[in-house]
Structure formats: structure tokens, C-alpha cells
Amino acid sequence: MFPEYDVIVAGAGHAGCEAAAAAANLGSKVLLVTMNLQTLGQMSCNPAMGGIAKGQIVREIDAMGGYSGIVTDRSMIQFRMLNRSKGPAMWSPRAQNDRMLFASTWREMLERTPNVDFYQDTVTSLLIKNQRVYGVKTNLGHEILAKAIVITSGTFLNGIIHIGEKQFGGGRVAEKAATGITEQLVQHGFESDRLKTGTPPRVDGRSLNYSVMEEQKGDDEIIGFSFLDIDTPKTQRSCWITYTSQDVHDSLKKGFDRSPMFSGRIEGIGPRYCPSIEDKINRFSERERHQLFIEPEGWNTVEIYVNGFSTSLPEEVQYEALRKVKGFENARMFRPGYAIEYDYFPPTQLNYSLETKLISNLFFAGQINGTTGYEEAACQGLIAGINAHQRVRDLEPLILKRSDAYIGVLIDDLISKGTEEPYRMFTSRAEFRTLLRQDNADLRLTEMSYRMGLASQERMERLKTKREAVEKLRGLLQQISLAPDEVNAYLESKNSSHIDQKQKALQILLRPNIDLTSMIKSVGRMSDALSGFSSEAIEQAEIQVKYDVYIEKEKELVKRMSQLEELKIPENFNYDKVAALSNEALQKFKKIKPATLGQASRISGVNPSDVQILMVYMGR
């Protein structure tokens with residue numbers, strides 16, 4: 001019934017969809033197996049993509065030829081660029097999306113991708129021989145052969161849903177859990193553990209009083225996520241902000257004795273940076289209120305996502321407390337919030353390619369590796385899909401460094417440090433964030449991906465045009481001299497001091513209040529010389545000019561740190577022979593088996609002296 005595939009992807013969430021697309025676009029024959037084809041690309045939690053650091057990840061996925069950016073742009077109902085008041089390293093795109101349109105767009109794009117086949121079934125076990133995977137077994141009893149397998153199980157592995165004192169198996173509400181894989185992998189020597197996440201109630205938007213909430217509109221200019229030209233909406237839907245109160249908190253506390261989180265029924269650790277409302281009240285008891293974001297679920301639905309009110313308290317407690325929130329006095333609840341507990345495999349058991357160390361040709365991506373968030377899952381799926389294809393063809397894996405991309409930071413953090421709580425990306429996790437901006441993801445990654453065969457010719461041509469335009473712009477800024485009578489009126493409008501002799505346009509641009517777009521509009525000779533350039537090229541040239549000193553400093557730091565990355569540690573290195581290592585370093589090195597001294601230096605609990613001892617020993 002089934003041919004032999006190059007790659008089977010088990011699970012069709014954000015990680016699975018990206019993995020299938022990447023492997024197929026590189027030329028592998030791919031089978032995407034999912035429990036329910038109607039929920040392919042489902043936004044299980046909030047209907048939004050991007051945000052702080054997450055937006056940078058989506059831009060990186062797009063720059064490499066992944067689909068998440070295109071799907072997001074085609075289904076967005078609102079766009080905002082966060083942190084505009086800060087430097088460009090902190091700018092982060094975020095979109096509200098139409099939940100149903102997002103999923104249907106994903107499915108449409110995958111169905112149009114040659115080499116992707118679909119099958120609705122559950123993978124219950126892997127076919128393994130001599131520590132090498134060669135296929136999967138499904139719930140319907142099929143054995144399907146493949147050269148590589150990518151597991152993207154999300155929250156489905158032995159998933160348990162909690163609502164108050166009720167608990168039942170499930171990977172999402174109304175969808176059954178997946179069983180069998182964890183138990184099999186543990187028998188093969190893998191270590192597994194439990195994590196938890198949660199989701200808030202959904203309510204009827206017609207029952208809310210928006211007049212007492214703060215309106216949050218989208219940006220006037222929609223930049224979007226994709227570096228390709230994608231049609232974005234002509235109008236946008238607003239989100240709204242309201243707050244909990246002491247009254248709301250008191251209502252919620254009534255259910256604490258029936259909370260699965262406080263009673264110990266939930267064993268898994270939840271996300272630190274997206275806690276449930278009961279966790280927030282418990283941990284931050286001094287706070288009189290917490291912010292709630294009221295987010296529409298799409299263009300043509302009244303369903304509302306109550307962001308910030310994630311909970312697993314009994315339904316009646318949720319309902320009573322919700323109706324005490326300002327604007328929610330007459331709220332009707334579509335469905336309650338719930339917590340979900342699921343299996344994950346500590347990611348120190350993976351190589352940088354996301355292939356498991358214990359079983360060859362087996363790849364993990366997404367929440368199975370301990371991450372939280374669509375964006376973190378999608379980028380792992382992209383890398384796992386690429387490397388599954390590479391593995392099948394005996395090609396070198398794609399390994400992104402910390403200085404290449406946020407994706408590189410995420411994978412290195414997971415593999416070198418592991419995680420005991422759901423991992424979420426932040427700009428603060430990236431030491432080279434001035435280099436890893438959302439605006440230059442294409443400059444960093446598109447050519448590398450194009451050489452592998454993933455990024456398209458169109459993307460490469462657009463990149464070349466952008467590079468040439470930015471270089472030309474920077475050259476013109478160094479050439480154009482502006483006289484006082486040409487520029488002083490503009491400087492005054494920007495509260496910047498006058499000049500009394502000619503100055504290069506580049507020098508004026510370096511002033512704090514000056515931006516290139518307004519300079520071009522307001523200064524005649526600038527308009528004449530620079531009017532033909534795209535807004536994207538203008539922004540890029542301005543960032544490169546204004547932040548040149550910082551960018552060069554980071555590049556120098558990357559260069560120095562890369563020396564440690566070049567010092568490889570043999571795979572069979574015997575750490576027991578290095579007598580002076582601390583006990584913790586010895587234990588961690590033997591468990592994680594770092595590939596380089598650079599990776600060894602980033603393992604939690606390893607001191608600089610341990611790395612120096614290792615370096616000296618290897619030098620002998």
C-alpha cells in the first residue's frame with residue numbers, strides 16, 4: 001500500500017509542517033502522518049505569531065525558504081512591530097492571525113508542494129534495528145518504511161488534560177493522546193520527563209463591553225514576515241486590553257483547593273514566562289491586577305481568546321471570575337481553559353542536527369524537545385527536515401551557530417544546557433543580538449539556504465538586489481555634502497542643532513534624532529539622489545550606518561569566540577583520563593559529549609577552569 005519514503009514526519013503541527021516542507025523542497029519523498037488532517041497547522045493556543053525574539057525566528061525561517069512567514073502574512077488580521085522605541089536589535093514583528101485561515105493556508109501550501117504525501121493515522125511505534133530507525137508502525141497496523149523519521153509530537157505523547165478535579169487523556173481538547181512511543185524509546189535507553197502547558201477560556205465576543213477596555217490597533221504600515229511580496233490585509237482588526245482585579249483574584253482563590261496545580265495532580269513543570277492566572281496570583285500576591293489581552297480569533301468569527309487568563313481551575317470558578325473582569329460582566333464562555341501534561345525528551349540527547357544520539361536517522365523537533373511556542377517548534381521542524389534529507393543522502397548536516405541565527409541560539413541552548421521547564425526564546429538569550437536582527441535575516445541566511453537547494457532563485461535574486469541597493473545607498477551618503485541652507489530647517493524640525501558649514505549626509509544621519517526616510521523627504525538634494533530606493537533598502541542602510549560601531553564590535557567578538565568552536569572534541573574522547581576536571585564537569589561532559597570546546601564552555605555547571613584544563617589536555 002505504501003512505497004518506501006525518504007522521510008516520514010509524525011505530527012502535523014508547526015514543527016511537522018515545516019519539517020515536511022523543508023525535506024520535500026530539498027527533493028526527499030516525504031510522508032506526513034497526522035491523527036487528523038483537519039487540524040493540520042493548528043494554532044492550539046493563541047491565534048498569533050511572532051513577538052519578542054519569536055518574530056526574529058519567523059523571519060529567519062522565511063529567509064531560509066520555510067513557510068511560516070508566508071502563512072502568517074496571508075492569514076494575519078493585525079500586525080505590530082514591537083519595541084520600535086528601542087534599537088533595531090530589539091524590534092520584533094508580531095501578527096494576530098485568523099486561526100482557521102492560518103491552518104487552511106498551511107494545508108494548501110503543503111498540498112501544492114511536490115513530494116509531500118499525507119496519511120491520517122497515529123504512529124504508535126518505530127521500526128528499529130541495530131540502533132537505526134527504518135520506519136514506523138501505525139494504529140491501523142501499517143508498517144511504513146523510510147530512511148529517516150522526524151517526530152514532532154507536540155503535547156500528544158501520553159497527554160493528560162486537567163480542568164479542576166477532572167482529568168482525561170488527550171493531546172488537545174477533544175483529541176486523543178498518543179501512546180507507545182515514549183515507552184519504546186525509554187526501553188532503548190532514552191530519558192523522558194513531563195512538562196505542562198495551558199490555555200485560557202474562549203468567550204463570545206458579542207457578550208463583551210469593549211467601551212471600557214483600551215483599544216490596541218495595528219501599525220499603519222504592515223511590514224509582515226516574509227521577504228517575498230505577499231498580499232497583506234487592507235484593513236486590520238483591533239485587540240483590546242483590560243485587567244483583572246482583587247475581586248477577580250478572590251473569586252479564583254475559591255477554587256485553589258480544587259486546582260490540579262496546587263493539589264499535586266500535575267507533576268510537569270509549566271512555562272515560567274507564560275504562567276497560569278492562578279500561578280500569577282499565587283507567586284505575585286502583592287499585585288492588585290494583571291493585564292489581559294483580548295484577541296479576536298479571526299475575520300469571520302465572534303470567538304475571542306483571553307490572553308493572560310490561562311487556567312486549569314474548575315469551569316464554574318473560571319466563569320465566575322471572568323465575569324468580574326472589566327468589560328466581561330455579561331461574558332458567555334465558549335469553552336473553559338485547561339492545563340495539559342505531556343512527555344518530552346531532555347534535548348541533551350540530541351546532536352546539533354536534531355538527530356538523536358542513541359538511534360541514528362531519528363530526529364526530534366518541537367515540544368518533544370522541551371520548547372514552548374509555535375515559532376520555536378517551527379524553526380526546529382525546519383532544521384530537522386533539512387537534516388533528515390541530508391542524512392538520507394549522506395550529506396553534511398546544516399548546523400547554525402549562535403552567531404548565525406536565533407535558531408542557532410535555541411538549538412545550542414537546548415543541546416548544551418538542556419531544559420527542565422518549557423523553553424521560550426528571548427532576545428536576552430542571544431549574545432550577538434545586534435547581528436541577529438529581524439531586518440537582516442535574509443542577509444544572514446538566504447544565500448546559505450540557496451546553496452543547499454532550499455531557498456528559491458527568486459529569494460536569491462531579491463537578496464542580491466537588496467545588497468546592491470544598500471551598498472549604493474551607503475556610498476551616496478558618504479558622497480553627498482549638504483550645505484547649512486539645505487539642511488538647517490530640517491534639523492530644526494528634529495530639534496537637532498544647526499550646522500555652520502557643509503557636512504556629509506552620513507555624518508548628519510549619525511545624529512540621534514535623525515532618520516533617513518524623513519531626511520530624504522525633507523531635504524531637496526537627498527530627495528533627488530535617493531528617491532528611487534525601496535523603504536527596505538533605506539531602513540537597512542540606515543541601521544548599518546547608525547550601528548556600524550556596535551556591529552563591528554560584535555563581529556570581532558564572534559571571531560574571537562569562534563576559535564573555541566573550531567577546536568573539535570573527538571566523539572570517543574575519554575574524559576576520565578582528565579584528572580583535574582571538577583566532578584560536575586566530568587559528569588556533564590560524559591552525558592552531553594560536547595562536539596567542540598565552545599559547546600563545552602556553555603554547558604551549565606562547567607567552569608572556565610574546566611575548559612582550560614580540557615584545552616591543555618587536548619593540546620598534548
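In case you missed it, the structure is sitting above this.
Residues numbered from 1 in each chain as written. Predicted model: local features only at pLDDT ≥ 70, side-chain atom pairs only at ≥ 80, totals over all residues. Heavy atoms only, no water.

K.L.:
Mind showing me how you'd approach the overall build of the protein here?
P.N.:
Secondary structure summary: the protein contains 22 helices and 22 strands in total. Against the compact-globule benchmark of 25 Å for 620 residues, the protein has a radius of gyration of 26 Å, which places it among compact chains. A principal-axis box enclosing the C-alpha atoms of the protein has dimensions of 80 × 75 × 55 Å. A buried classification covers 58% of the 620 residues belonging to the protein. Look at the contacts in the protein between residues 6 or more apart in sequence, and 72% of them connect residues 24 or more apart. Taken as a whole, the protein presents about 26,200 Å² of accessible surface, with 47% of it coming from carbon and sulfur. In the protein, 77 side chains carry a positive charge and 79 a negative one; their mean positions are 1 Å apart. (Helix = DSSP H or I, 4+ residues; strand = E, 2+ residues; numbered from the N terminus. Rg over C-alpha atoms; globule rule 2.2 N^0.38 Å. Buried < 20%, exposed > 50% of the residue type's maximum accessible area, 1.4 Å probe, protein only. Contact = heavy atoms within 4.5 Å. Areas by Shrake-Rupley, 256 points an atom, 1.4 Å probe, with all protein chains shown as cover. Lys, Arg positive; Asp, Glu negative; His and termini not counted. Charge placed at Lys NZ, Arg CZ, Asp CG, Glu CD.)

K.L.:
What should I look at first to understand the pairing of strand S8 (residues 132-138) in this one?
P.N.:
Within a regular strand, the side chains alternate between the two sheet faces. As paired strands, strand S7 (residues 123-129) and S8 are joined by six bridges and run antiparallel to one another. When the sheet's bridge partners are listed, Leu-127 is paired in S8 with Gly-135. If you look at the hairpin formed by S7 and S8, you'll find two residues sitting between the two strands, and Asn-130 has a positive phi there, around 50 degrees. Two strands pair when backbone bridges link them, and S8 and strand S9 (residues 143-151) are joined in this way by three bridges, in the antiparallel orientation. Bridging across to S9, Lys-137 finds its partner in Glu-143. As consecutive antiparallel partners, S8 and S9 are separated by four residues, and within that stretch Gly-141 has a phi angle of approximately 90 degrees, a positive value. (Pairing = 2+ DSSP bridges.)

K.L.:
Whenever I open this one, the pattern of salt bridges confuses me. Can you help?
P.N.:
A pair can form between side chains of opposite charge whenever their charged atoms are brought close. Counted under the stated rule, the structure contains 45 salt bridges. Where Asp-576 meets Lys-590, a salt bridge forms, and the shortest distance between an N and an O atom there is 3.0 Å. Taken together, the residues span a long stretch of sequence, with Asp-576 in the loop between helix H19 (548-565) and helix H20 (583-592) and Lys-590 in helix H20 at a distance of 14 residues. Its relative accessible area of 40% is what places Lys-590 among the partly exposed residues. Here the residues in one salt-bridge network are Arg-402, Asp-412, Asp-413, Lys-417, Glu-431, Glu-565 and Arg-602, joined through shared partners. (Salt bridge = Lys/Arg side-chain N within 4 Å of Asp/Glu carboxyl O.)

K.L.:
What is the right way to look at the packing of aromatic side chains in this model?
P.N.:
Aromatic rings in a pair are described by how distant their centres are and how their planes are angled relative to each other. One pass over the structure, following the stated rule, counts 12 aromatic pairs. Consider the rings of Phe-2 and Tyr-119, whose centres lie 4.9 Å apart with planes at 85 degrees: the pair is edge-to-face. You can see Phe-2 sitting in the segment before strand S1 (5-10) and its partner Tyr-119 sitting in strand S6 (residues 116-120), a full 117 residues away along the chain. Here Phe-2 falls in the partly exposed class, since its relative accessible area comes to 22%. Here Phe-573 and Tyr-617 contribute two aromatic rings whose centre-to-centre distance is 6.0 Å and whose plane-to-plane angle is 90 degrees, an arrangement assigned as edge-to-face. Of this pair, Phe-573 sits in the loop between H19 and H20 while Tyr-617 sits in helix H22 (residues 608-619), and the two are 44 residues apart along the sequence. Look at Phe-573 and you get buried, because its relative accessible area is 16%. Residue classification places Tyr-617 among the partly exposed residues on the basis of a relative accessible area of 26%. Looking at Arg-59, its charged tip hangs above the ring of Phe-227, at a distance of 4.0 Å from the centre. Directly above the ring of Tyr-243 sits Arg-289, whose terminal nitrogen or CZ lies 3.6 Å from the centroid. (Phe/Tyr/Trp six-rings, centres within 6.5 Å; stacked < 30°, edge-to-face > 60°. Lys NZ or Arg CZ within 6 Å of the ring centre and 35° of its normal.)

K.L.:
Please explain helix H1 (residues 14-25) as it appears in this structure.
P.N.:
Count 3.6 residues to each turn of an α-helix, and residues three or four apart come out pointing the same way. Here H1 is 12 residues long and its end C-alpha atoms lie 17 Å apart, about the 16 Å a rise of 1.5 Å per residue gives. Burial runs high along H1: 11 of the 12 residues are buried. For H1, the complete set of buried residues consists of His-14, Ala-15, Gly-16, Cys-17, Glu-18, Ala-19, Ala-20, Ala-21, Ala-22, Ala-23 and Ala-24. Where H1 ends, the next residue or the one after it, Gly-27, has phi of about 115 degrees, a positive value. (Expected span 1.5 Å × (residues − 1).)

Keep in mind these numbers describe shape, not what the thing actually does.
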